[in-house]
Amino acid sequence: MSTTLPPHVVPYPDHDGRPQRRAEDRVHPDQNGRPQRRAEDRVTARRPMRRSGDGVASKHGVSLVVPAHNEARNIPWVFEQIPRCVDEVILVDGSSSDATVPVARHCLPTVRSVQQSGPGKGNALRTGFAAATGEYIVMMDADGSMWPGEIPHYLHFLDHGYDFVKGSRCIAGGGSLDFTRVRSLGNRALLAVVNRLYDASLTDLCYGYCAFRRSFLDALDLRSTGFEIEAEMIAHALCSGLRIAEVPSLELPRRSGRSHLHAISDGRRVLRTLISERPGARASAAAPAEER
């Protein structure tokens with residue numbers, strides 16, 4: 001599978017066709033004192049310099065869960081970009097009326113297709129998580145708004161001790177080419193709520209590009225059926241004391257079709273989820289029940 005950059009992504013800057021070097025990289029002079037490259041440097045002249053400890057692939061099994069409903073036009077681009085570090089791809093089909101599943105199997109014969117048991121994105125994700133076999137689980141949308149080439153960044157943090165990694169469009173290196181005014185204002189308002197109620201310092205909330213250790217699936221205790229499952233995951237991860245990292249992510253425009261997100265109604269559901277799952281809310285709700 002290729003990992004070519006999307007058309008909207010600007011590659012790392014270079015100079016004269018060569019990658020930039022770090023200050024500590026050494027250049028060996030020739031007999032006249034002018035800098036020259038060693039033979040091994042000339043061989044790798046067109047590739048970025050790496051440190052000896054840099055890794056390309058995770059040592060753990062990686063499952064990619066992709067919920068999809070009528071995404072046949074977008075699946076080919078998404079599947080073409082999946083990096084080699086992904087061991088299995090699970091397509092969760094939401095009773096699509098188009099050729100989503102056949103197209104997925106044509107693009108990636110090894111894809112595992114499962115049917116979600118009920119309506120809603122939350123149900124689809126929970127179905128995919130239950131079917132995943134990898135030690136790491138990555139979730140992303142099938143509409144082309146998330147670039148699969150970013151997956152190694154998420155795995156890097158999981159490999160280095162974090163339990164839950166979420167993408168952020170609001171930190172250096174991230175961004176969005178699909179933020180409407182309503183979505184942007186709603187995201188900032190809900191972000192302020194979660195940071196206040198959960199004593200957190202997150203930079204983004206309503207973005208479903210995440211990765212986590214499968215061993216913490218029970219701790220996440222997912223029950224939501226709709227888009228609010230993304231907020232529920234973060235709320236439960238915060239309450240459970242999981243080590244959370246944010247990585248920069250660029251949100252691209254949906255490649256084709258219409259979004260299934262309803263900003264106002266789904267935003268209300270996210271707000272109710274954040275309030276009902278806040279620290280101490282369950283204990284206070286259980287106390288009157290025990291008294292009865």
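For the structure itself, look to the data block above.
Residues numbered from 1 in each chain as written. Predicted model: local features only at pLDDT ≥ 70, side-chain atom pairs only at ≥ 80, totals over all residues. Heavy atoms only, no water.

Give me a nonpolar patch on the surface: which residues, what numbers.
Together, L197, L271 and I275 give the surface a local cluster of nonpolar side chains, amounting to about 210 Å² of exposed area. Within the secondary structure, I275 is located in helix α9 (residues 263-276). (Patch = residues over 30% accessible without salt bridge, like charges linked within 9 Å, V, L, I, M, F, W, Y side chains within 5 Å. Areas by Shrake-Rupley, 256 points an atom, 1.4 Å probe, with all protein chains shown as cover. Salt bridge = Lys/Arg side-chain N within 4 Å of Asp/Glu carboxyl O. Helix = DSSP H or I, 4+ residues; strand = E, 2+ residues; numbered from the N terminus.)

Tell me about the environment of V193, and name the residues and values.
Its location among the elements puts V193 in helix α6 (residues 181-197). The exposure class assigned to V193 is partly exposed, which follows from its relative accessible area of 24%. V193 sits 82 residues away from I275 along the chain, and the two C-alpha atoms are 8.5 Å apart. Among all residues touching V193, those that are not within four sequence positions of it are L271 and L274. (Buried < 20%, exposed > 50% of the residue type's maximum accessible area, 1.4 Å probe, protein only. Contact = heavy atoms within 4.5 Å.)

Describe the side chain of E246, and please don't skip the residues or the numbers.
Counting through the fold element by element, E246 comes out in strand β12 (residues 244-248). At 2.9 Å, the side chain of E246 and the side chain of T203 are in polar contact. When sequence neighbours within four positions are dropped, the list of residues in contact with E246 reads K166, S168, I171, L202, T203 and D204. (Polar contact = N/O pair within 3.5 Å; in protein donor to acceptor, adjacent residues only side chain to side chain.)

A description of the packing of helix α4 (residues 121-131) against helix α8 (residues 229-239) should follow, citing residues and the corresponding values.
For any two helices packed against each other, the geometry comes down to the angle between their axes and how far apart the axes lie. One way to put it is that α4 packs onto α8 with a least axis distance of 9 Å and a crossing angle of 55 degrees. In terms of orientation, α4 and α8 fall into the oblique class. Residues K121, G122, L125, R126 and F129 of α4 pack against I229, E230 and M233 of α8. Along the lines of polarity and charge, the residues of the contact of α4 with α8 split into four nonpolar, one polar and three charged. (Axes fitted to C-alpha atoms, helices over the stretch in contact; angles between N-to-C directions. Parallel < 35°, antiparallel > 145°, perpendicular 65-115°, else oblique. Nonpolar A, V, L, I, M, F, W, Y, C, P; charged D, E, K, R; others polar.)

Pulling in residues and values, what's your account of the nonpolar core?
Nonpolar side chains tend toward joint burial in soluble globular proteins. Judged by nonpolar contacts, the single largest core of 35 residues is most densely connected at L64, F79, V89, L91 and I151. Looking at this core, the elements with two or more residues in it are β5 (62-68), α2 (75-80), β6 (88-93), α3 (100-107), β8 (136-139), α5 (151-159) and β12. Among all residues touching I151, those that are not within four sequence positions of it are L64, P83, C85, V86, V138, M140 and Y209. Judged by nonpolar contacts, the second largest core, of 31 residues, contains L190, L222, M233 and I234. (Core = buried A, V, L, I, M, F, W, Y, C linked by side-chain atoms within 4.5 Å.)

Quick rundown of unusual backbone geometry? Include the residues and the values.
You will see that N70, though not glycine, has its phi angle at about 55 degrees, which is positive. By secondary structure assignment, the location of N70 is in the loop between β5 and α2.

Hey, could you go over α6 for me, with residue numbers and the actual values?
For α6, which comprises 17 residues, the first-to-last C-alpha distance of 25 Å matches the rise-based estimate of 24 Å (1.5 Å per residue) to within 8%. Buried within α6 we find S184, N187, L190, L191, V194 and N195. Buried residues of α6, viewed axially, fall in a sector of 140 degrees; they line one side. When the buried face of α6 is taken as reference, the exposed residues oriented beyond 90 degrees from it are R181 and R196. Summarising the contacts, the buried residues of α6 are in contact with α8 and α9. Taken from the residues just after α6, D199 is the one with a positive phi, measuring 50 degrees. (Expected span 1.5 Å × (residues − 1). Arc of directions from axis to C-beta.)

Could you give an account of the packing of aromatic side chains, naming the residues involved and the relevant values?
According to the stated counting rule, one finds five aromatic pairs in the structure shown. Pairing F164 with F212 gives two aromatic rings, centres 6.2 Å apart and planes at 15 degrees, and the pair type is stacked. Of this pair, F164 sits in strand β9 (residues 164-168) while F212 is found in strand β11 (residues 210-213), placing the two residues 48 residues apart along the sequence. In this pair, the class of F164 matches that of F212, namely buried. Taken together, F129, F164 and F212 form an aromatic cluster joined through their ring pairs. (Phe/Tyr/Trp six-rings, centres within 6.5 Å; stacked < 30°, edge-to-face > 60°.)

Could you give me a rundown of the environment of E88, with the residues and numbers involved?
In this structure, E88 sits in strand β6. Taking the relative accessible area as the measure of exposure, E88 reaches 12% and is therefore buried. Along the primary structure E88 and S63 are separated by 25 residues, whereas in three dimensions their C-alpha atoms are 4.9 Å apart. If we skip the residues at most four places from it in the chain, E88 touches V62, S63, L64, R112, A131, A132, T133 and G134.

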